[in-house]
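What follows is each chain in one-letter form.
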Amino acid sequence: QAYTLGAFARARGAEEAALSALDCRLLLARELENYTHLFADQDALALAEEFLELFEQLSAQTPELAQDEAAFVARIERAYRARLSGISQEARLVHTLWRAFLQQTEGRSPAVAQLRALRRAFAGLGADEHLYLVGFDEFSAAEAAVVRSALEAGRTQLILQGRREG
């Protein structure tokens, strides 16, 4: 059978349904109501839309940072090449909101659920099954880590096409 990576994850690894993006936005908007002193003149749903996009990217690219505020803040400071208190405060706020979002969604936001299903799908390959990954030229950082583990387990092969250099 031929699958996209997402379809493989859903077919072989999904246990519970992911929340829809709308459900995630509504949960975020509700959570942002606890921070009206910081976002007084902002529309909660519009802000939730922006935060959802950010949190899904963070969850897909650097899920390990959700557990470590200091590492998250350090990454932000490195990105800005500065150690400014304003940047650090904003980074801590974003991290707090991200953690609250992950708790509220119980790990069922689209990006988090996809990654968990992908891990399960690869882990669930039978001893007599072999998986060939063909046509992929880009993985998120978290997907790359899962694929790397699957390659190391020996039942998965990644086939790439193109030039080796240039």
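Whatever comes next refers back to the structure up there.
Note that the structure is predicted; figures quoted are calculated from it, not measured.

> Lay out the pairing of strand β2 (residues 156-159) with the relevant residues and their values.
Successive side chains on a regular strand alternate, one facing one side of the sheet and the next facing the other. Relative to β2, strand β1 (residues 131-134) runs parallel, the two being bridged by four bridges. Opposite Leu 131, over in β2, you have Thr 156 as the bridge partner. Assessed by its sense of winding, the connection that carries the chain from β1 through helix α7 (residues 141-153) to β2 is right-handed.

> How would you summarise the side chain of His 95 if you had to cite specific residues and measurements?
Residue position: His 95 is located in helix α5 (residues 85-105). Looking at His 95, the relative accessible area reads 3%, which means it is buried. Excluding anything up to four places from it in sequence, His 95 contacts Leu 65, Ala 66, Gln 67, Asp 68, Glu 69 and Phe 72.

> Quick rundown of the pattern of salt bridges? Include the residues and the values.
Using the criterion set out here, one finds six salt bridges in the structure. A salt bridge links Arg 12 to Glu 129, with the shortest nitrogen-to-oxygen separation between them at 2.9 Å. Of this pair, Arg 12 sits in helix α1 (residues 5-13) while Glu 129 sits in the loop between α6 (110-123) and β1; the two residues are 117 residues apart in sequence, bridging distant segments of the chain. For Glu 129, a relative accessible area of 27% translates into the label partly exposed. Measuring nitrogen to oxygen at the nearest pair gives 4.0 Å for the salt bridge that ties Glu 16 to Arg 120. With Glu 16 in the loop between α1 and α2 (21-32) and Arg 120 in helix α6, this pair connects stretches of sequence that are 104 residues apart. Here Glu 16 falls in the partly exposed class, since its relative accessible area comes to 31%. The network of salt bridges with common partners includes Glu 15, Glu 16, Arg 116 and Arg 120.

> Lay out the packing of aromatic side chains in plain terms, naming residues and giving numbers.
One pass over the full model with this rule turns up seven aromatic pairs. Where Phe 55 meets Phe 101, the ring centres are 5.5 Å apart and the plane angle is 35°; that geometry is what we call tilted. Of this pair, Phe 55 sits in helix α3 (residues 44-61) while Phe 101 sits in helix α5, and the two are 46 residues apart along the sequence. On the basis of relative accessible area, Phe 55 is assigned to the buried category, the value being 0%. On the accessibility criterion, Phe 101 (2% relative accessible area) is buried. With 5.9 Å between their ring centres and 50° between their planes, Phe 72 and Trp 98 make a pair best called tilted.

Thresholds, definitions, all that
Here, residues in each chain are numbered from 1, in the same order as that chain's written sequence. Selection of residues for local features in this predicted model requires a pLDDT of at least 70, selection of side-chain atom pairs for listing and counting requires 80 or more, and totals for whole chains, interfaces and linings are taken over all residues. Just so you know, side-chain values use all the structure's heavy atoms and leave hydrogens and water out. Here, strands pair whenever DSSP counts at least two bridges between them. Under the scheme used here, helices are H or I runs from DSSP no shorter than 4 residues and strands are E runs no shorter than 2 residues, and both carry numbers assigned from the N terminus. Every crossover in which the path from the first strand over the helix to the second runs clockwise, viewed with the strands pointing away from the viewer, is termed right-handed. Only protein chains enter the accessibility calculation, which uses a 1.4 Å probe. A residue is then buried if its area is under 20% of the maximum for its type, exposed if over 50%, and partly exposed in between. In what follows, a contact means two residues having at least one pair of non-hydrogen atoms within 4.5 Å. The working definition used for a salt bridge is a side-chain nitrogen of Lys or Arg within 4 Å of a carboxyl oxygen of Asp or Glu. Aromatic pairs are defined between Phe, Tyr and Trp rings, using the six-membered ring for Trp, whenever the two ring centres lie within 6.5 Å; interplanar angles under 30 degrees are classed as stacked, those over 60 as edge-to-face, and all others as tilted.

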